Amino acid sequence: MRARPSPDFPVSFSAQFDPAAARLMLAGDCGMDDAPVLAAALDAVRSAVPETLRVEIGGTLDLGPSWLLRALVLDLRGAGRQVELDGRVPEHLRFLDEIAARDVGSLPAPGQATFADRFAEFGGSLRRRVAGWYEALVFGGRLLESAGTAWRSLRRLRVPSVVRHMHETGVQAIPVVAVIALLISVISAYIGAQQLRPFGAEIYTVDLVTIGVLRELGVLLTAIMVAGRTGSAYAAELGVMKLNDEVDALEAMGMNPYEVLVLPRVVALVLVMPLLTVVADFMGLAGGALLTSYLIDLPWSQFVMRLDSSIGDTTFWAGMVKAPVFGLLIALTGTLRGLQVRESSRELGRLTTVAVVQSIFLVIFADALFAIYFLEIDF
Amino acid sequence: MAAVRPLIVVRDIVNRFGAQVVHDGVSFEVMPGEVFGIVGGSGSGKSVLLRTMLGLRRPDAGTVAIEGREITAMDDRELRDVKRRYGVTFQHGALFTSLTVAENVTLPVAEVLDLDEPSLARLLELRLRMVGLPLEAAAKHPAQLSGGMVKRVALARALALDPAILFLDEPTAGLDPIAASAFDELVLYLRDTLRLTIVMVTHDLDTLARTCDRVAVLVDRKVIVDTLEGIVANDHPWIRHYFHGGRGRAVRAAQGDGRGA
Ligand SMILES: Nc1ncnc2c1ncn2[C@@H]1O[C@H](COP(=O)(O)OP(=O)(O)O)[C@@H](O)[C@H]1O
Ligand SMILES: [Mg+2]
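In this text the structure is predicted, and so the values were computed from the model without any measurement. (Residues numbered from 1 in each chain as written. Chains lettered and ligands numbered in written order. Predicted model: local features only at pLDDT ≥ 70, side-chain atom pairs only at ≥ 80, totals over all residues. Heavy atoms only, no water.)

**Remarks on the overall build of chain A**
Scanning chain A for helices and strands turns up 14 helices and four strands. Taken against the 2.2 N^0.38 rule, which gives 21 Å for 379 residues, the C-alpha radius of gyration of chain A at 35 Å runs more than 25% over that of a compact globule. The C-alpha extent of chain A, read off along each of the three principal axes, is 100 × 55 × 50 Å. In chain A, which comprises 379 residues, the proportion classed as buried is 41%. Taking the contacts inside chain A whose residues are at least 6 apart along the sequence as the reference set, 80% of them involve residues at least 24 apart. For chain A, the exposed surface amounts to about 20,000 Å²; the carbon and sulfur share of it is 63%. For chain A, the separation between the mean place of its 32 positive charges and that of its 39 negative charges on side chains is 4 Å. (Helix = DSSP H or I, 4+ residues; strand = E, 2+ residues; numbered from the N terminus. Rg over C-alpha atoms; globule rule 2.2 N^0.38 Å. Buried < 20%, exposed > 50% of the residue type's maximum accessible area, 1.4 Å probe, protein only. Contact = heavy atoms within 4.5 Å. Areas by Shrake-Rupley, 256 points an atom, 1.4 Å probe, with all protein chains shown as cover. Lys, Arg positive; Asp, Glu negative; His and termini not counted. Charge placed at Lys NZ, Arg CZ, Asp CG, Glu CD.)

**As for the pairing of strand 3 (residues 52-57) of chain A**
Residue and element names in this part refer to chain A. Along strand 3, the buried face is formed by Leu53, Val55 and Ile57; none of Thr52, Arg54 and Glu56, which line the opposite face, is buried. Sheet topology places strand 2 (residues 23-27) next to strand 3; four bridges connect them, and they run parallel. When the bridges of strand 3 are listed, Met25 appears paired with Glu56. Between the parallel pair strand 2 and strand 3, the chain is carried across by helix 1 (residues 35-48), and the sense of this crossover is right-handed. (Pairing = 2+ DSSP bridges. Right-handed = clockwise from strand over helix to strand, strands pointing away.)

**Brief notes about the sheet that holds strand 5 (residues 69-70) of chain B**
All names here are of chain B. If you walk across this open sheet you meet the four strands as 2-1-4-5, and the pairing is antiparallel. At either end of the open sheet lies a strand with only one pairing partner, and these are strand 2 (20-30) and strand 5. Pairing of strand 1 (residues 8-17) with strand 4 (residues 61-66), which is carried by five bridges, proceeds in the antiparallel orientation. Across the sheet, the residue bridging to Val9 is Ala65, located in strand 4.

**Description of the environment of Phe167(B)**
All names here are of chain B. Summarising the element assignment, Phe167 is placed in strand 7 (residues 165-169). Put simply, Phe167 and Val150 are 17 residues apart on the chain and 16 Å apart in space, counted from C-alpha to C-alpha. If we ignore the near neighbours within four places in the chain, the residues touching Phe167 are Ile8, Leu50, Met53, Leu54, Ile66, Tyr86, Gly87, Val88, Thr89 and Val199.

**What to know about the coordination of the magnesium ion (ligand 2)**
All names here are of chain B. The protein atoms that coordinate the magnesium ion (ligand 2) are Ser47 (OG) and Gln91 (OE1), at distances spanning 2.1 to 2.3 Å. With Ser47 in helix 1 (residues 46-53) and Gln91 in the loop between strand 6 (86-89) and helix 3 (101-112), this pair connects stretches of sequence that are 44 residues apart. A residue is classified by how much of its surface remains accessible, and Ser47, at 25% relative accessible area, is partly exposed. Take Gln91: its relative accessible area is 28%, and that puts it in the partly exposed class. (Donors = N, O, S within 2.8 Å, 3.2 Å for Na, K, Ca; no water.)

**Here we look at the nonpolar core**
Of all hydrophobic cores here, the largest spans 88 residues; its most connected members are Leu24(A), Leu26(A) and Leu190(B). Broken down by element, the residue count for this core peaks at eight residues, all from helix 6 (residues 177-194) of chain B. Beyond its immediate sequence surroundings of up to four residues, Leu190(B) is in contact with Leu63(A), Met130(B), Leu159(B), Leu166(B), Arg195(B), Leu196(B) and Ile198(B). (Core = buried A, V, L, I, M, F, W, Y, C linked by side-chain atoms within 4.5 Å.)

**Structural notes on the sheet that holds strand 2 of chain A**
All names here are of chain A. With mixed pairing, four strands are arranged side by side in an open sheet as 1-2-3-4. Either end of the sheet is taken by a strand with one partner, and the two such strands are strand 1 (14-18) and strand 4 (82-87). Strand-to-strand twist in this sheet, taken as the mean axis angle between neighbours without regard to direction, amounts to 15°. The sheet contacts of helix 1 involve strand 1, strand 2 and strand 3, and relative to strand 1 the element is tilted by about 10°. (Axes fitted to C-alpha atoms, helices over the stretch in contact; angles between N-to-C directions.)

**Quick look at unusual backbone geometry**
Backbone geometry places Asp162(B), a non-glycine residue, at a positive phi of 45°. Note on placement: Asp162(B) falls in the loop between helix 5 (147-158) and strand 7.

**Some points on the site of ligand 1**
Residues and elements named next belong to chain B. The immediate surroundings of ligand 1 are formed by Phe17, Gln20, Val22, Gly41, Ser42, Gly43, Ser44, Gly45, Lys46, Ser47 and Val48. For ligand 1, an oxygen atom lies 3.4 Å from a polar atom in the backbone of Ser44. In the model, an oxygen atom of ligand 1 is placed 2.8 Å from a nitrogen or oxygen of the Ser47 side chain. Among the secondary structure elements, those contributing two or more residues to the shell around ligand 1 are strand 2 and helix 1. For the shell around ligand 1, the residue count by class is three nonpolar, seven polar and one charged. (Near = heavy atom within 4 Å. Polar contact = N/O pair within 3.5 Å; in protein donor to acceptor, adjacent residues only side chain to side chain. Nonpolar A, V, L, I, M, F, W, Y, C, P; charged D, E, K, R; others polar.)

**Considerations on helix 5 of chain B**
Residues and elements named next belong to chain B. Helix length check: helix 5, at twelve residues, gives a terminal C-alpha distance of 17 Å against a target of 16 Å (1.5 Å per residue), a fit within 8%. Regarding helix 5, the residues found buried are Gly148, Met149, Val150, Lys151, Arg152, Val153, Ala154, Leu155, Ala156, Arg157 and Ala158. On the buried face of helix 5, the contacting elements are strand 6, helix 3, helix 4 (117-130), strand 7 and helix 6. (Expected span 1.5 Å × (residues − 1).)

**Describing helix 8 (residues 204-243) of chain A**
Given 3.6 residues per helical turn, the α-helix brings residues three or four places apart onto the same face. Taking 1.5 Å of rise per residue, 40 residues should cover 58 Å, and helix 8 of chain A covers 55 Å from first to last C-alpha, within 8% of that figure. In the structure, helix 8 of chain A departs most strongly from a straight axis at Val213(A), where the bend amounts to approximately 60°. (Bend = angle between axes of the 7 residues up to and from the residue.)

**Looking at the confidence of the model for chain A**
All names here are of chain A. Mean pLDDT over chain A stands at 86; residues scoring 70 or higher make up 96%. Per-residue pLDDT, averaged within each element of chain A, yields its smallest value for helix 5 (residues 154-157) (72) and its largest for helix 13 (residues 322-339) (95). Note that residues 1-9 has pLDDT below 50 and, in this model, 19 contacts with residues that lie over four places away or in other chains. (pLDDT = per-residue confidence, 0-100.)

**Some words on the interface of chain B and chain A**
Opposite the 41 residues of chain B that make contact, chain A presents 33 residues. At the boundary of chain B with chain A, total buried surface from both sides reaches about 3,200 Å², with 63% on carbon and sulfur atoms. Considering only the side of chain B, the residues that lose the most area to chain A are Arg122(B), Arg129(B) and Asp162(B), jointly responsible for 21% of the buried surface there. Along the contact surface separating chain B from chain A lie zero salt bridges. (Buried area = accessible area lost by both parts, 1.4 Å probe. Salt bridge = Lys/Arg side-chain N within 4 Å of Asp/Glu carboxyl O.)

So this is what it looks like as structure tokens:
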């Protein structure tokens, strides 16, 4: 837009305010790049408030700079001062006058936050919190409703969709879950053997690892991995669909988004968590066996015998029954948070994070409840 | 008359997506200070062509030169500096959803220039007024805007740095006729008084007739460039259909008195 003689030899712009002579000299062409220089000079004039002002314009001014100059001129004239424009008066002033005359309201004032504003903000956050709980209730209700109808007809359960999600959240997660389980059991076997050796009780390392992995570590680590992998994916997928109005589109086509989007994901994760837990348990035991055979010279056959005597009938199941519950918690949190995304990409990021953090929290909280309950019923 | 050097030179552009050839040897030139329209059927590659001219997409073959500098040969840093001289609007607005309208429009200025708050606010008001947006909209988030308002905020953002070249992808789609004709006037004003060069993809035949000096039609993976009169007289079947169908007739009727109004 800059009508410079040549883009290769730009004439640099300068703006000087001479308070004694009440003169503002603008030399050279002023594009938006030079706006800070101009704005600084205009600011100097503004704070000096001279009785009269001559503006000598030596070059062209782009729209933005012309507008800034015009604002100053109007301010001074409004305060009863004399302002004269001299030299190459920008030809856009007429256009600027024209658009300034349009009645388009005024910019909302940013202003200082008053007490009333703070109070309103507090009320707003309270309202959002309550609305969040209400949304969770509605979410639960609608999900139960669609689960109820899906129960009666397999078509409504959308088996292909469930299978796809099982593949993505289950089969594809096997490698990472397996490696994590192996590493954790190796760590606990190593620490266990070291702590128990002074008492000559190294053999109990086997108990420690097997019971620890089967009851707690296998399922808990799987749940945490799945929360990070799948909980976030659920929230982000549904969140982007919300931002693109895809969820509204489904609803407008007479489809139930809970049936199409939420239920398959929840069902898939509830089915897949036990399977992943079996993988984690197996790898955990393998890791334990490997390390005990290496650390305390326990042959594999001995390990298996010891394992057989150390674990009860219920040890494996005490871990396993928790898996679908954890899966349910993660899937519900992820899908709920995804559906709560509104309006902006920042919301999407925030709620994805919330989904992961909350599902991990809920999993550990539920695990604690299970521990107390199992203790009470001696499971 | 002194020979005017073209501002943008597009040479033998080839763009492919897998086996699909979108452009097969597209060449044309855009002169400084002209409004250059690009039309073509849906999926004919208008947006891809625009992205190629902007340096957002490297063509599979061919070159794009802007102001004598070949942007297809530049590295990313050089390209970034050049890009600051353009204003761009995207077909779907591409506003930053987590920022308010005010922040969206101010962002390009605040990002590269060290300006005080009052000046930024004044410039914000200028840009919003230029595109005819109510100033109250400044505090809104993009999700709270109508489609036409999104287009206008995008245009305001594109104008924020007083660019030398404007690239607009379907700027009037979704605007009501009054807003669209205000847009036409703005385009003509920018061209006539600021000698801005505008490259515009549009399906709006009124805008085409009123504002565009020359028109490029994308057909059969190639391009036909001419003045609107020349294009309308062209007897390519698709072009005939486009301009001589029911919607085109109004344009030809308006053409006599509409141009340059
Ligand atoms: N990123 C992409 N990957 C594959 N194909 C694409 C991509 N972008 C565009 N296309 C294809 O290129 C063609 C031209 O697209 P586009 O330029 O968006 O069309 P329009 O002329 O409607 O703007 C279309 O057939 C589209 O499917
Ligand atoms: Mg397009």
